[in-house]
Amino acid sequence: MTDRKNLYRCLSNAAWGYFLLHFDVNLGTVSILPAFAGYLLLFSAVSGLSEERRDLVLLRPLCILLAVWNGLEWLLSWAGADADGLFPPLDIVVMVTGLYFHFQFLTDMAALSETYQPEEGDLDQRLLRRRTVYIVLLTAAFVLLYLPAGRFEEQRGFAVTALAVILLLVALFIMAGLFELRGLFREEEGENQPSA
């Protein structure tokens, strides 16, 4: 029997994890909504959902790496420093790790949707489309950030900003999809009430 309460909680963590990854509020140089907290929520979701989707266990080490990297960046921000670009090969490893993590995680969420959605539902297909758009946009943003701009610096800045805005919108759609998936596990009123 499915533990609906656990699935509901884990999917809440996943949705709010995506929120923390994409929405940032800073006090000076320090984020009060740090991305590492988003990865910790995603780690909790991955761990809790692994009984439903066994291959999610494989994402746990990647999630830890991403949380540690983002935690390091957050700590450096307290000193006004930035870890990006200090060691480019590590930047690339973290970038590829992030792409793979999000691709596989959202693929598993679509598979979970397919299992539990109503017969006429299409949440699984919507999550897969959002996943694909998200990964393509993330890849394009990383390529733009790491390619030498030369005399096209201004155009590159505009393109990166446009991509960031579109990525935020896609992240909102992903969150909405995760909340919709969570709704499939909402306990009906009176479900836990003892019968008279």
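Located above this text is the structure these notes cover.
We now turn to the structure provided with this report. The structure presented is a predicted model; accordingly, all values stated were derived computationally and were not measured.

1. Focus on the packing of aromatic side chains
No. 1: Inspection of every chain in the model, using the stated rule, returns 9 aromatic pairs.
No. 2: An angle of 70 degrees between the planes, with centres 6.2 Å apart, marks the rings of Y18 and Y134 as edge-to-face. Separated by 116 residues along the polypeptide, Y18 in helix α1 (residues 4-22) and Y134 in helix α5 (residues 123-146) bring together distant segments of the chain. The exposure classification of Y18 matches that of Y134, with both residues buried.
No. 3: Geometrically, the ring pair formed by Y116 and F185 is edge-to-face, given 4.9 Å between the ring centres and 70 degrees between the ring planes. Residue Y116 is found in helix α4 (residues 88-116), and its partner F185 is found in the segment after α6 (153-183); the two are separated by 69 residues along the sequence.
No. 4: Taken together, the aromatic side chains of Y18, Y39, F101, F105 and Y134 make up a single cluster linked through ring pairs.

2. With respect to the pattern of salt bridges
No. 1: In this structure the tally under the stated criterion is 3 salt bridges.
No. 2: Note that D122 is salt-bridged to R126, the shortest N-O span being 3.0 Å.
No. 3: You can call R126 buried: its relative accessible area is 18%.
No. 4: For R126, the salt bridge identified is with E180, shortest N-O distance 2.8 Å. Residue R126 is located in helix α5, and its partner E180 is located in helix α6; the two are separated by 54 residues in the primary sequence.
No. 5: In this structure E180 comes out as partly exposed when scored by relative accessible area, which is 37%.

Cut-off values and rules
Residues numbered from 1 in each chain as written. Predicted model: local features only at pLDDT ≥ 70, side-chain atom pairs only at ≥ 80, totals over all residues. Heavy atoms only, no water. Phe/Tyr/Trp six-rings, centres within 6.5 Å; stacked < 30°, edge-to-face > 60°. Helix = DSSP H or I, 4+ residues; strand = E, 2+ residues; numbered from the N terminus. Buried < 20%, exposed > 50% of the residue type's maximum accessible area, 1.4 Å probe, protein only. Salt bridge = Lys/Arg side-chain N within 4 Å of Asp/Glu carboxyl O.

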